[in-house]
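# Working through the structure, step by step
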Amino acid sequence: MKTFASKRVLVTGGAGFLGSHLCERLLADGCEVLCVDNYFTGTRDNVVHLLSHPRFELMRHDVTFPLYVEVDEIYNLACPASPVHYQHDPVQTTKTSVHGAINMLGLAKRLNARIFQASTSEVYGDPEVHPQPEDYRGNVNPIGPRACYDEGKRCAETLFFDYHRHCGLSIKVARIFNTYGPRMHPNDGRVVSNFIVQALEGKPITIYGDGSQTRSFCYVDDLIEGFVRLMNSPADITGPINLGNPGEFTILELAEAVIRLTGSKSKIVHHPLPQDDPKQRQPDITRAKTLLDWKPTIPLEEGLRRTIAYFEMQINRQKVRPAE
């Protein structure tokens, strides 16, 4: 068995928002990191600063096809995670969740490697239980426009637990709630990136519905800490475990905070609520607190300030590019 400092770790979706932060953390912890991404929503720019690191390797690959590598652990993060992206090609989204899980589980079985699945709070659908504990089975529309993601992730969880029961595979399943921070895609349709970009550009802030629907926002550094703690927890802790910030805010409160922190003069405008959009989303993180000794530490306002600074830098770069 290799020591923690010499583990070789595969991160699928490693050039994405969450994946790139995870790669940084694993390198800081002394791991060798193989970052795999097909760049559908991830980008090489997210990991370009890691390319010169002696323990980092980048590979372009689509997880719907088998992958033959030698690693000790696998973090399976590959899948578009915002409605704009996962509804762009819903069949491919389902394939990424299901075929991708099958391929990564097959690899883990061959290598006898521990494998982590980045699942989602969307497995709860538009919840009828609030906040959502892990034993809640959800209220998902299996034929709606969000089903490619919701049901794809639910099926992936099924596969993980079947491999665990049938093959004795060491699995870890995390259900991720709304996460934000630097390297979010500016056009991913998520409220934090939408609101920040609109505010910085002086455009109207778009709220779907009356803004009373709630979300719980977890800063990316807190989430990655939860990932690492879950992966390194005892083998009998398989999950699923909710990872998210239990602080609950209305969408209107978020919009007002972004306007205040950016100093924007943007006005708020309302549009119809999309089909199957959850009205409430808040994690019950009792399991994470008890089993992982984990809870978020970064308040929303502090996380927003860091994220706003990132998007300001990105927007300013775009403005100067034509003159280069």
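The model shown is predicted, which means the values in this text are computed figures rather than measured ones.

On to the overall build of the chain, then. Within the chain one finds nine helices and 13 strands. Taking 20 Å as the expected radius of gyration for a compact globule of 324 residues, we find that the chain reaches 19 Å, a close match to that expectation. Here the chain holds 324 residues, and 55% of them are scored as buried. Considering only residue pairs separated by 6 or more positions, the chain has 81% of its internal contacts joining residues 24 or more positions apart. Roughly 14,500 Å² of accessible area belongs to the chain as shown, and the carbon and sulfur atoms make up 51% of that amount. A distance of 2 Å separates the average location of the 36 positive side-chain charges in the chain from that of its 38 negative side-chain charges.

With 60 residues, the main nonpolar core has L22, Y75, F116, F227, L243 and L304 as its most contacted residues. In this view, F116 contacts I74, Y75, N76, L77, F160, K172, A174, F227, L230 and M231; residues no more than four positions away in its chain are not counted. Core analysis: the next-biggest nonpolar cluster, separate from the first, contains 26 residues, L67, L107, L111 and A156 among them.

Cis rather than trans, the peptide bond between H130 and P131 has omega equal to -10°. When you line up the elements, P131 lands in the loop between strand 5 (114-120) and helix 4 (147-167). Not every positive phi belongs to a glycine, and N112 is a case in point at roughly 55°. Among the secondary structure elements, N112 is positioned in the loop between helix 3 (90-111) and strand 5. Taking relative accessible area as the criterion, N112 reaches 67% and is therefore assigned exposed. If you check the backbone angles, D293 has positive phi at about 50° while not being a glycine. The residue D293 is located in the loop between helix 8 (286-292) and helix 9 (300-320) in this model. Taking the relative accessible area as the measure of exposure, D293 reaches 63% and is therefore exposed.

Structurally, the position occupied by T120 is in strand 5. A distance of 3.0 Å separates a polar side-chain atom of T120 from the backbone nitrogen of E122. Every residue in contact with T120, bar those within four places of it in the chain, is listed here: Y149, K153, A174, R175 and I176.

Moving on to the pairing of strand 4 (residues 73-76). With burial as the criterion, each face of strand 4 is covered, one bearing E73 and Y75 and the other bearing I74 and N76. Pairing geometry for strand 1 (residues 8-12) and strand 4, over four bridges, is parallel. When the sheet's bridge partners are listed, V11 is paired in strand 4 with Y75. Sheet analysis places strand 4 next to strand 5, joined by four bridges and oriented parallel.

Turning next to the packing of helix 3 against helix 4. At a closest axis distance of 8 Å, the pairing of helix 3 and helix 4 adopts a crossing angle of 15°. Relative to helix 4, the element helix 3 lies roughly parallel. Seen from above, helix 3 lies across helix 4 with right-handed handedness. Across from P90, T93, T94, S97, V98, A101, I102, L105, G106 and K109 in helix 3, the residues of helix 4 making contact are C148, Y149, G152, K153, C155, A156, L159, F160, Y163 and C167. The residue inventory of the contact of helix 3 with helix 4, partitioned by class, reads 13 nonpolar, five polar and two charged.

Along the polypeptide, D150 turns up in helix 4. It turns out D150 is buried and unbridged, and the closest side chain with the opposite charge, R146, is 4.4 Å from it. The residues touching D150, leaving out its near neighbours within four places in the chain, are E122, V123 and V140.

Burial analysis of strand 5 places seven of its seven residues in the buried class, which makes it a mostly covered element. Side-chain alternation along strand 5 places R114, F116, A118 and T120 on one buried face and I115, Q117 and S119 on a second face that is also buried. As judged from the six bridges shared by strand 5 and strand 6 (residues 171-176), these two strands associate in the parallel manner. Of the residues in strand 6, the one forming a bridge with S119 is R175. For the crossover from strand 5 across helix 4 to strand 6, the handedness is right-handed.

Conventions used here
Along each chain, the written sequence defines residue order, and numbers are assigned to residues from 1. Totals for whole chains, interfaces and linings use all residues, but because this is a predicted model, local features are given only for residues with pLDDT of at least 70 and pairs of side-chain atoms are given and counted only at 80 or more. Remark: hydrogens and water are excluded; side-chain values derive from all non-hydrogen atoms of the structure. Helix and strand assignments come from DSSP, with helices taken as H or I runs of at least 4 residues and strands as E runs of at least 2, each series counted from the N terminus. This radius of gyration counts C-alpha atoms alone. The globule rule is 2.2 Å times how many residues there are, raised to the power 0.38. Categorising residues by exposure relies on relative accessible area from a 1.4 Å probe, with only protein chains included: less than 20% of the type maximum marks a residue as buried, more than 50% marks it as exposed, and the intermediate range marks it as partly exposed. Working rule for contacts: check all heavy atoms of both residues, and any pair within 4.5 Å makes them a contact. Where accessible areas are quoted, they stem from the Shrake-Rupley method and a 1.4 Å probe; at the residue level, only the protein chains shown are allowed to cover. Asp and Glu count as negative and Lys and Arg as positive, but His and the ends of the chain are not part of the count. The atoms used to mark charge sites are NZ of Lys, CZ of Arg, CG of Asp and CD of Glu. We define the nonpolar core as a collection of buried residues of types Ala, Val, Leu, Ile, Met, Phe, Trp, Tyr and Cys that are connected through side-chain atoms lying within 4.5 Å of one another. Here a polar contact means two N or O atoms within 3.5 Å. Within protein one must be a hydrogen donor candidate and the other an acceptor candidate, and residues neighboring in sequence count only if both atoms are side-chain atoms. For two strands to count as paired, DSSP must find a minimum of two bridges between them. To obtain each axis, a line is fitted to C-alpha atoms, and for helices this fit is confined to the stretch in contact; angles are then taken between N-to-C directions over 0 to 180 degrees. An angle below 35 degrees is treated as roughly parallel, one above 145 as roughly antiparallel, one from 65 to 115 as roughly perpendicular, and anything else as oblique. In this scheme, a crossing is called left-handed if the near helix is turned counterclockwise away from the far one by less than a right angle; it is called right-handed if the turn is clockwise. Residue type decides the class: Asp, Glu, Lys and Arg count as charged, Ala, Val, Leu, Ile, Met, Phe, Trp, Tyr, Cys and Pro as nonpolar, and the leftover types, Gly among them, as polar. Salt bridges are defined by distance alone: a side-chain nitrogen of Lys or Arg within 4 Å of a carboxyl oxygen of Asp or Glu. When the strands point away from the viewer, a crossover counts as right-handed if the route from the first strand across the helix to the second turns clockwise.

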